[in-house]
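Per-entry structural report
As a plain string of letters, each chain reads:
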Amino acid sequence: PLPPAARFEAVTLGYGPCPDVLRAVDFAIPAERLLGLTGHAGAGRRRCARLLLGEHRARSGMVRLDGADVADLPPDARVAHARCDAAAPGEVLSRALRRDPAVLVVEEPQAYLSAADERAWRDAVDAARRGRTVLLIAHRLATLGLCDWIVVLEQGRVAEEGPHGRLVAWNDRYGRVIAAGELRR
């Protein structure tokens with residue numbers, strides 16, 4: 001069977017009286033697809049990951065996994081998280097895959113990787129996506145090139161989305177993230 005699809009439906013997230021950090025975020029991750037989530041620092045990438053993992057609850061809107069509200073699913077609902085800030089990101093990813101999750105949330109390492117480690121990282125992400133639905137919080141242009149679809153967040157909203165080649169050609173928000181040096185080449 002296909003792994004579940006995920007969907008963010010007009011999701012708003014805020015804490016108490018503070019301004020909302022995500023506002024009407026709406027995007028889908030089709031089954032067996034790799035969606036890259038990127039944007040400037042503070043745009044809301046990690047908060048989207050936390051919502052999909054069921055660690056936060058939306059103020060309004062809904063995050064769905066195969067039609068079910070993620071907030072109502074048990075904590076081990078076959079969604080695994082790999083936060084790869086370690087020196088060996090491939091090992092972190094391997095540990096998350098041992099659970100054989102249907103849905104995987106991957107936070108790409110922000111630290112510098114050697115050329116060999118960079119290739120190994122891309123190969124690991126490419127292998128991990130097979131048979132899974134993957135949300136990738138990406139900081140590297142090369143890794144975003146692996147994605148089926150990219151969502152660019154800006155100030156807590158979806159600013160633009162599309163395949164890598166089209167977003168580069170548009171040279172709009174995605175291009176500004178690249179030009180600002182916030183994506184490693």
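An account of the accompanying structure is given in this report. (Residues numbered from 1 in each chain as written. Predicted model: local features only at pLDDT ≥ 70, side-chain atom pairs only at ≥ 80, totals over all residues. Heavy atoms only, no water.)

Some thoughts on unusual backbone geometry
Excluding glycine, most residues fall at negative phi; most peptide bonds, likewise, are trans. Despite not being glycine, D66 has its phi angle at roughly 50°, a positive value. If you trace the backbone, D66 turns up in the loop between strand 4 (60-65) and strand 5 (68-69). Judged by its relative accessible area of 58%, D66 falls in the exposed class. Non-glycine residue D100 carries a positive phi angle of around 50°. Position of D100 relative to the elements: it lies in the loop between helix 2 (89-97) and strand 7 (103-107). (Helix = DSSP H or I, 4+ residues; strand = E, 2+ residues; numbered from the N terminus. Buried < 20%, exposed > 50% of the residue type's maximum accessible area, 1.4 Å probe, protein only.)

What about the sheet that holds strand 7?
Paired through backbone hydrogen bonds, the strands of a sheet run either parallel or antiparallel to each other. In space, the six strands of this open sheet follow the order 6-7-8-3-9-10, with mixed pairing throughout. Two strands close off the open sheet at either side, each with one partner strand: strand 6 (79-83) and strand 10 (157-162). For this sheet the average axis-to-axis angle between neighbouring strands, irrespective of direction, equals 20°. With five bridges joining them, strand 7 and strand 8 (residues 133-137) adopt parallel strand pairing. For V105, the partnering residue across the bridge sits in strand 8 and is L135. The strands touched by helix 2 within the sheet are strand 6 and strand 7, with strand 6 carrying the most contacts at an inclination of about 170°. (Pairing = 2+ DSSP bridges. Axes fitted to C-alpha atoms, helices over the stretch in contact; angles between N-to-C directions. Contact = heavy atoms within 4.5 Å.)

Considerations on the packing of aromatic side chains
Enumeration over the complete set of coordinates arrives at one aromatic pair. With 4.4 Å between their ring centres and 20° between their planes, F8 and F27 make a pair best called stacked. Linking F8 in strand 1 (residues 6-13) with F27 in strand 2 (residues 22-29), this pair joins segments that are 19 residues apart in sequence. Residue F8 shares its accessibility class with F27, and that shared class is buried. (Phe/Tyr/Trp six-rings, centres within 6.5 Å; stacked < 30°, edge-to-face > 60°.)

Brief notes about the side chain of R129
You can see R129 is positioned in the loop between helix 3 (115-128) and strand 8. Here the side chain of R129 touches L146 through a polar contact of 2.8 Å, landing on its backbone oxygen. Apart from the residues within four sequence positions on either side, R129 is in contact with L34, V134, L146 and D148. (Polar contact = N/O pair within 3.5 Å; in protein donor to acceptor, adjacent residues only side chain to side chain.)

Let's talk about the packing of helix 2 against helix 3
The geometry of helix 2 relative to helix 3 is characterised by a closest axis approach of 9 Å and an angle of 15° between their N-to-C directions. As the angle between them shows, helix 2 and helix 3 are arranged roughly parallel. Considering how the two elements wind past one another, helix 2 and helix 3 form a crossing that is left-handed. For the pair helix 2 and helix 3, contact is made by P89, G90, L93 and L97 and by W121, A124, V125 and A128, respectively. Residues belonging to the contact of helix 2 with helix 3 are distributed by class as follows: seven nonpolar, one polar and no charged. (Parallel < 35°, antiparallel > 145°, perpendicular 65-115°, else oblique. Left-handed = near helix turned anticlockwise from the far one by under 90°. Nonpolar A, V, L, I, M, F, W, Y, C, P; charged D, E, K, R; others polar.)

What to know about the pattern of salt bridges
Counted under the stated rule, the structure contains 14 salt bridges. Where R132 meets D100, a salt bridge forms, and the shortest distance between an N and an O atom there is 3.2 Å. Placement of R132 in the loop between helix 3 and strand 8 and of D100 in the loop between helix 2 and strand 7 is noted, with a sequence separation of 32 residues between them. For R132, a relative accessible area of 10% corresponds to the buried category. Bridged by salt links that share partners, the residues R46, R50, E55, R83 and E107 form one connected network. (Salt bridge = Lys/Arg side-chain N within 4 Å of Asp/Glu carboxyl O.)

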